[in-house]
Amino acid sequence: MDTNKILIVEDDVVFCKLLTRFLTKNDFQVLDAQAGKEALQLIETNSFDLAILDYRLPDMNGIDILKKLKAKENSTKVILMTRYGDEGIANKAVEEGADAFVSKPINPTELLEVIKGL
């Protein structure tokens, strides 16, 4: 799968920028957002091969963004990340079309393996 354009939605700015830099170094084109509203604007104006969504955001949750993303472009792969090992969230995310689910803290190298496995 050719996942060159990635959207990262993560409200922890430091972690968000770390992931963005890491994935950019690995030859991905990355756009990032720290809030749901900002993410939805990026989704409106771009096409993404992959979205990495934090579940808990200041203004909405990752599943809300997942639904909007899949409605616009169903082929986009989605990885949902959360720091809460909540099975209910994982199941709901998969029902809504998430392709993978990862728990925080995430090791960027492990995340890269998940991306390559999609």
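Presented here is an overview of the structure given in this document.

Conventions adopted
Residue indices begin from 1 for each chain and proceed along its sequence in written order. At least 70 in pLDDT is required for a residue's local features to be given in this predicted model, at least 80 for side-chain atom pairs to be given and counted, and no such filter applies to totals for whole chains, interfaces and linings, which use all residues. As a rule here, side-chain values come from all non-hydrogen atoms in the structure, and water together with hydrogens is ignored. Each helix corresponds to a stretch of at least 4 residues labelled H or I by DSSP, and each strand to a stretch of at least 2 residues labelled E; elements are numbered beginning at the N terminus. When we talk radius of gyration, it's over C-alpha atoms, and the globule rule is simply 2.2 Å times the number of residues to the 0.38. Type-normalised accessible area, obtained with a 1.4 Å probe on protein chains alone, sets the label of each residue: buried when under 20%, exposed when over 50%, and partly exposed for intermediate values. As a rule, the C-alpha atoms of each element are fitted with a line to give its axis, helices using only the stretch in contact, and angles between N-to-C directions run from 0 to 180 degrees. Relative orientations are named as follows: roughly parallel for angles under 35 degrees, roughly antiparallel for angles over 145 degrees, roughly perpendicular for angles from 65 to 115 degrees, and oblique for any other angle. The contact criterion used is simple: two residues touch if any of their non-hydrogen atoms lie within 4.5 Å. Side-chain classes follow a simple rule in which Ala, Val, Leu, Ile, Met, Phe, Trp, Tyr, Cys and Pro form the nonpolar group, Asp, Glu, Lys and Arg form the charged group, and the remainder, Gly included, forms the polar group. A strand pair is defined by DSSP finding two or more bridges across the two strands. To form a nonpolar core, buried Ala, Val, Leu, Ile, Met, Phe, Trp, Tyr and Cys residues must be joined to one another through side-chain atoms within 4.5 Å. Here, a salt bridge means any Lys or Arg side-chain nitrogen found within 4 Å of an Asp or Glu carboxyl oxygen.

1. A word on the overall build of the protein chain
Turning to step 1, where the next piece is worked out: Within the protein chain, the secondary structure is distributed over 5 helices and 5 strands.
Turning to step 2, where the next piece is worked out: Mapped in sequence order, the helices and strands of the protein chain form the string β-α-β-α-β-α-β-α-β-α.
Turning to step 3, where the next piece is worked out: Here the C-alpha radius of gyration of the protein chain, 13 Å, is about what a compact globule of 118 residues would show, namely 13 Å.
Turning to step 4, where the next piece is worked out: A total of 118 residues make up the protein chain; the buried ones form 47% of that total.

2. A short note on the packing of helix H3 (residues 62-72) against helix H4 (residues 87-95)
Turning to step 1, where the next piece is worked out: In the contact formed by H3 and H4, the axes pass within 10 Å of each other and the chain directions differ by 5°. The orientation of H3 with respect to H4, classified from their angle, is roughly parallel. Together, Ile63, Leu66 and Lys67 of H3 and Ile89, Lys92 and Ala93 of H4 make up the contact between the two elements.
Turning to step 2, where the next piece is worked out: Residue composition of the contact of H3 with H4, grouped by class: 4 nonpolar, no polar and 2 charged.

3. Digging into the sheet that holds strand E1 (residues 5-9)
Turning to step 1, where the next piece is worked out: Ordered in space as E2-E1-E3-E4-E5, the 5 strands form an open sheet in which the pairing is parallel. Since the sheet does not close on itself, it has two edges, and those belong to strand E2 (29-33) and strand E5 (100-103), each with one partner. Averaged over all neighbouring strand pairs, the angle between strand axes comes to 20°, with direction disregarded.
Turning to step 2, where the next piece is worked out: As defined by bridge partners, strand E3 (residues 50-54) adjoins strand E4 (residues 77-82) across 5 bridges and the pair is classed as parallel. Counted as the bridge partner of isoleucine 52 is isoleucine 79 from E4.
Turning to step 3, where the next piece is worked out: Contacts between helix H1 (residues 13-25) and the sheet are confined to E1, E2, E3 and E4, with E2 contributing the most and set at about 170° to the helix.

4. Regarding the nonpolar core
Turning to step 1, where the next piece is worked out: Counting 21 residues, the largest nonpolar core has Leu7, Val9, Leu53, Ile65, Val78 and Leu80 as its most contacted members.
Turning to step 2, where the next piece is worked out: Looking at this core, the elements with two or more residues in it are E1, helix H2 (36-45), E3, H3, E4 and H4.
Turning to step 3, where the next piece is worked out: If you look at the next biggest cluster of nonpolar residues, it comprises 18 residues, including Ile6, Leu50, Ile106 and Leu111.

5. Here we look at the pattern of salt bridges
Turning to step 1, where the next piece is worked out: Applying the stated rule across the entire model yields 8 salt bridges.
Turning to step 2, where the next piece is worked out: Its salt-bridge partner being aspartate 32, residue lysine 17 comes within 3.0 Å of it at the nearest N-O pair. One end of the pair, lysine 17, is in helix H1; the other, aspartate 32, is in strand E2, and 15 residues separate them in sequence.
Turning to step 3, where the next piece is worked out: On the basis of relative accessibility, which here comes to 35%, the residue lysine 17 falls in the partly exposed class.
Turning to step 4, where the next piece is worked out: Among the salt bridges present, the one from glutamate 96 reaches lysine 67, with a minimum N-O distance of 4.0 Å. Remark: lysine 67 occurs in helix H3 and glutamate 96 occurs in the loop between H4 and E5; sequence separation between them is 29 residues.
Turning to step 5, where the next piece is worked out: Within this structure, Glu10, Asp54 and Lys104 form a network of salt bridges that share partners.

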